[in-house]
Amino acid sequence: MAIDFHTATVPTLTRALDQLRQILAKGAAHAEAQGWDPAVLLGMRLAPDMFPLMRQVQIATDIAKNAAARLTGTQAPVFEDNETTFAELDARVQRAIDYLRSMPVEAFAGAETRAITVPTRRGDLHFVGLNYLFGFVLPNVYFHSTTTYA
């Protein structure tokens, strides 16, 4: 059975990012209702060695947009990681969603077998498209989205 990689990628990641926007809206509303400085909430982390909320959002959007680009053999837009407010994070997530939605179905042809290299601080990770999407992209986007919620 063949997998439609556009359908497996774009709607799935778009839904996760749409949910991330909802989490950010709730966080902003909660900070306002409590009279908190939103920057405090954006800088919170679950544990001392984890990234703060703001960075979790940046990572989730980077993984999502880079996935679409890598699976289609194209170049992803670069986001500067300079957001400091809920509104700026929301705009970043929306830019990632817009980019995902701009990807044509035919661009994903052959994505399941495309060689993918992901540079990391510890060295490059090598995948084929199928393993990259289901074993790296989706788990990581869900993790960072869930961590933002938490």
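Below: a short report on this structure.

In this section: the overall build of the protein. Per the secondary structure count, the protein includes five helices and two strands. Going from the N terminus to the C terminus, the protein shows its helices and strands as α-α-α-α-β-β-α. Against the 2.2 N^0.38 benchmark of 15 Å for 150 residues, the protein shows a C-alpha radius of gyration of 16 Å, consistent with a compact globule. Projecting the C-alpha coordinates of the protein onto the three principal axes gives extents of approximately 50 × 30 × 25 Å.

Before going further, it helps to examine a nonpolar patch on the surface. Where nonpolar side chains cluster on the molecular surface, the patch consists of Ile-3, Val-128, Leu-130 and Phe-134 and spans about 300 Å² of accessible area. On the secondary structure map, Phe-134 appears in helix α5 (residues 129-149). Judged by relative accessible area, which is 39%, Phe-134 ranks as partly exposed.

Running from N to C, helix α1 (residues 5-34) and helix α3 (residues 53-72) point in directions that differ by 165°, and their axes come no closer than 11 Å. Looking at the two axes, α1 sits roughly antiparallel to α3. Remark: the crossing between α1 and α3 carries left-handed chirality. Residue-level contacts link Phe-5, Thr-9, Leu-13, Leu-17, Leu-20 and Leu-24 of α1 to Leu-53, Val-57, Ala-60, Thr-61, Ala-64, Ala-67 and Leu-71 of α3.

Applying the stated criterion across every chain, the model contains four aromatic pairs. An angle of 75° between the planes, with centres 6.3 Å apart, marks the rings of Phe-5 and Phe-134 as edge-to-face. Pair noted here: Phe-5 is in helix α1 and Phe-134 is in helix α5, with a separation of 129 residues, a long-range link. The exposure class of Phe-5 is buried, given its relative accessible area of 3%. Look at Phe-127 and Phe-136: their rings are 5.4 Å apart centre to centre, the planes differ by 45°, and that puts the pair in the tilted class. For the pair Phe-127 and Phe-136, a shared accessibility class is recorded, and that class is buried. Pairwise contacts between aromatic rings join Phe-127, Tyr-132 and Phe-136 into one cluster. The side chain of Arg-55 reaches across the aromatic face of Phe-51, ending 5.8 Å from its centre. Sitting over the ring of Phe-79, Lys-65 keeps its end group 4.8 Å from the ring centre.

As paired elements, strand β1 (residues 115-118) and strand β2 (residues 125-128) share four bridges and run antiparallel to each other. Looking across to β2, one finds that Thr-117 is bridged to His-126. Two successive antiparallel strands, β1 and β2, enclose a turn made up of six residues, where Gly-123 displays a positive phi of approximately 125°.

Turning our attention to the side chain of Thr-14. Relative to the helices and strands, Thr-14 is located in helix α1. Contact partners of Thr-14, with chain neighbours within four places excluded, come to Ile-97, Leu-100 and Arg-101.

Turning our eyes to something else, we now look at helix α4 (residues 86-101). Note on helix geometry: an α-helix contains 3.6 residues per turn, so any two residues three or four positions apart are oriented the same way. The end-to-end C-alpha distance of α4 is 22 Å, a good match for the 22 Å that 16 residues give at a rise of 1.5 Å each. Turning to α4, its buried residues number three or more, namely Phe-86, Leu-89, Arg-92, Val-93, Ala-96, Ile-97, Tyr-99 and Leu-100. Taken around the axis of α4, the buried residues stretch over an arc of 160°, which confines them to a single face. Facing away from the buried side of α4 by more than 90 degrees, the exposed set consists of Ala-87 and Arg-101. Packed against the buried residues of α4 are α1, α2 (38-42) and α3.

Here is what the cut-offs are and how they apply
- Residues numbered from 1 in each chain as written.
- Predicted model: local features only at pLDDT ≥ 70, side-chain atom pairs only at ≥ 80, totals over all residues.
- Heavy atoms only, no water.
- Helix = DSSP H or I, 4+ residues; strand = E, 2+ residues; numbered from the N terminus.
- Rg over C-alpha atoms; globule rule 2.2 N^0.38 Å.
- Patch = residues over 30% accessible without salt bridge, like charges linked within 9 Å, V, L, I, M, F, W, Y side chains within 5 Å.
- Areas by Shrake-Rupley, 256 points an atom, 1.4 Å probe, with all protein chains shown as cover.
- Salt bridge = Lys/Arg side-chain N within 4 Å of Asp/Glu carboxyl O.
- Buried < 20%, exposed > 50% of the residue type's maximum accessible area, 1.4 Å probe, protein only.
- Axes fitted to C-alpha atoms, helices over the stretch in contact; angles between N-to-C directions.
- Parallel < 35°, antiparallel > 145°, perpendicular 65-115°, else oblique.
- Left-handed = near helix turned anticlockwise from the far one by under 90°.
- Contact = heavy atoms within 4.5 Å.
- Phe/Tyr/Trp six-rings, centres within 6.5 Å; stacked < 30°, edge-to-face > 60°.
- Lys NZ or Arg CZ within 6 Å of the ring centre and 35° of its normal.
- Pairing = 2+ DSSP bridges.
- Expected span 1.5 Å × (residues − 1).
- Arc of directions from axis to C-beta.

Fair warning: the whole summary comes from geometry, so function is off the table for now.
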